[in-house]
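Examination of the molecular architecture
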Amino acid sequence: MKPASPALLRNYVDGEFVGSAATFDNINPVDGSLIAQVCEADRATVEAAVAAARLALQGPWGAMSVQQRAAMLHKVADGIAARFDEFVAAEVADTGRPLEQARTLDIARGIANFRTFADLAACANTDAFEMATADGAGALNYTVRKPLGVVGIISPWNLPLLLLTWKVAPALACGNAVVAKPSEESPATATLLAEVMRDAGVPRGVFNLVHGFGADSAGQFLTESKGIDALTFTGESRTGSTIMKAVADGVKEVSFELGGKNAAVVFADADFDAAVAGVMRSSFTNSGQVCLCSERVYVERPIFERFVAAIKAKVDALKIGYPDEGGVDMGPLISHGHRDKVLGYFRLAEQEGATVVAGGGVPHFGDARDNGAYVQPTVWTGLPDSARCVTEEIFGPVCHIAPFDAEDEVVARVNASDYGLACALWTTNLSRAHRVARRIHVGLVWVNTWYLRDLRTAFGGVKLSGLGREGGRYSLDFYSDVANICIKL
Ligand SMILES: O=C(O)C(=O)/C=C/C=C/O
């Protein structure tokens, strides 16, 4: 029987799904099969989306109260929930991730992001100051939040719906209109989101979706558009730098959540089993394709050998497989191209003199998965801190474990990085936990846990890991223009 013709994922502009002359393949990384054809937005389509967003601000959307916008965003959340299994299936097909992760993390957080920012925006207060004046009558200062206008959003493939909605939700809650460009690797849930937006009654032009690549494609066209007022991007640091240059002439506001080479630090007084389980999560969740993952692990010397052995045993026992396999721990990487990059680091590590404690290659399944983008979860020891595999972001299921002897030493080694996004500390010494957490030069520190998220908190990194903070009121501050009004009494 002729296989069903692949779906066609289209752009969503001014409330309509629109095609394009050029399309590109959407591939399932589990077995390399074709999922869909995706319409690549050209510059004219991107500009039409930007113009539609601008127009939307003058329409019913621009006249809505924050309470009305919040109600609309709850309807969007309801719409995702109503099509939950469709979103799960689409995310799994695009990424190959375990079904359970898509259900409990990716799609669940897509819903939570809309609900959280609807409520935060509706309840947000602003400042007011009573001011004494020479004439004794006084003055009143108060601030108001106004939408930025048209916000460009470029979101990554590693947590597709989670990270797209992490930006769309607050941007809309603050009254902006958006043009979103999801990664070419993960277009499916973004396209479903456009359907949900339409069905929830979000006015035309408020949410626009353009598919394509970065350079010389929709990502670049969006960045270069004179019609955007701000741009928010999650992805690689060097792309962030390119975007910054592109928007510099227009002095556009940017918010960047970029790369990382995050450390986990395990002190000898840690709860050993909890630390082993925690480092397994922080190194291998989502096949290591989370900007917060630990690719550097430092273990206090007295427990180093025991810790490495425990990690090896856990890694060797990881179940790598189909997304819907019972008990599967890890799926493939996002694409064959990314797999080649990660395998390049596996080879480099051996050239740099690493001891390969576990993994280091490609699993053999003897079935369709051998056409997928799988790699073995991998553990190294024995490299110097200066090794490229210990300094460069690999973004795969891999970590290097090194011993340390003193607190000051490990703090200096962790901070000796061009990145500064996240760190996980494992210790039962309370004063050490607070002391060391403050000394690590990153935006996010977890103690005796990892990737435990309160959406009201500041999220972002320092150095090459990013610019600005999103989350809670930080998102409201980025996605709003704050104006001060002073009234003479
Ligand atoms: O959990 C979040 O809100 C978030 O932003 C995660 C980012 C992960 C990036 O790889």
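Thresholds applied
- Residues numbered from 1 in each chain as written.
- Predicted model: local features only at pLDDT ≥ 70, side-chain atom pairs only at ≥ 80, totals over all residues.
- Heavy atoms only, no water.
- Domains from an automatic or database assignment.
- Contact = heavy atoms within 4.5 Å.
- Buried area = accessible area lost by both parts, 1.4 Å probe.
- Salt bridge = Lys/Arg side-chain N within 4 Å of Asp/Glu carboxyl O.
- Polar contact = N/O pair within 3.5 Å; in protein donor to acceptor, adjacent residues only side chain to side chain.
- Helix = DSSP H or I, 4+ residues; strand = E, 2+ residues; numbered from the N terminus.
- Nonpolar A, V, L, I, M, F, W, Y, C, P; charged D, E, K, R; others polar.
- Pairing = 2+ DSSP bridges.
- Axes fitted to C-alpha atoms, helices over the stretch in contact; angles between N-to-C directions.
- Near = heavy atom within 4 Å.
- Areas by Shrake-Rupley, 256 points an atom, 1.4 Å probe, with all protein chains shown as cover.
- Buried < 20%, exposed > 50% of the residue type's maximum accessible area, 1.4 Å probe, protein only.

So, about the domain arrangement of the protein. Put simply, an interface is often sized by how much accessible area is lost when its parts join up. Assigned domains within the protein: domain 1 (7–258 + 465–488) and domain 2 (262–454). The distance between the C-alpha centroids of domain 1 and domain 2 comes to 31 Å. Between domain 1 and domain 2, the residue contacts involve 26 residues of the former and 31 residues of the latter. The largest share of the area that domain 1 buries against domain 2 comes from Val30, Trp157 and Ser465, three residues that together contribute 26% of it. The interface formed by domain 1 and domain 2 holds 0 salt bridges in total. One can count 8 residue pairs in polar contact (both at pLDDT 80 or more) joining domain 1 with domain 2. Of all the secondary structure elements, the ones that give two or more residues to the side of domain 1 that touches domain 2 are helix H4 (84–95), helix H5 (99–123) and helix H6 (160–173). The greatest single-element share of the side of domain 1 that touches domain 2, amounting to 4 residues, is contributed by H5. Residue composition of the side of domain 1 that touches domain 2, grouped by class: 11 nonpolar, 7 polar and 8 charged.

The next subject is the sheet that holds strand E1 (residues 7–9). Judged by pairing direction, the sheet is mixed, and its 3 strands sit side by side in the order E1-E5-E4 without closing on themselves. With one partner strand each, in any of the chains shown, E1 and strand E4 (23–27) form the two edges of the open sheet. On average, each strand axis in the sheet is inclined to that of its neighbour by 35°, with strand direction left out of account. Examined bridge by bridge, E1 and strand E5 (residues 34–39) share 3 bridges and lie parallel to one another. Paired with Leu8 across the strands is Gln37, a residue of E5.

The next point concerns the site of the ligand. Looking at the ligand, the residues that line it are Arg109, Asn158, Leu159, Leu162, Leu163, Trp166, Glu257, Val290, Cys291, Tyr451, Arg453 and Phe459. Contact between the ligand and Asn158: an oxygen atom at 2.6 Å from a side-chain N or O atom of the residue. In this structure, Arg453 approaches the ligand through a side-chain N or O atom, which is 2.8 Å from an oxygen atom. In isolation the ligand has 300 Å² of accessible area, and contact with the protein removes 99% of it. Looking at which element gives the most residues to the shell around the ligand, the answer is H6, with 3 residues.

Within strand E13 (residues 262–266), 5 of the 5 residues are buried, leaving the element largely enclosed by the surrounding structure. With burial as the criterion, each face of E13 is covered, one bearing Asn262, Ala264 and Val266 and the other bearing Ala263 and Val265. Of the pairings in the sheet, the one linking E13 to strand E14 (residues 294–300) comprises 5 bridges and is parallel in character. Within E14, the residue paired with Ala264 across the bridge is Val297. As paired elements, E13 and strand E19 (residues 422–426) share 4 bridges and run parallel to each other. By the bridge assignment, Ala264 is partnered in E19 with Ala424.

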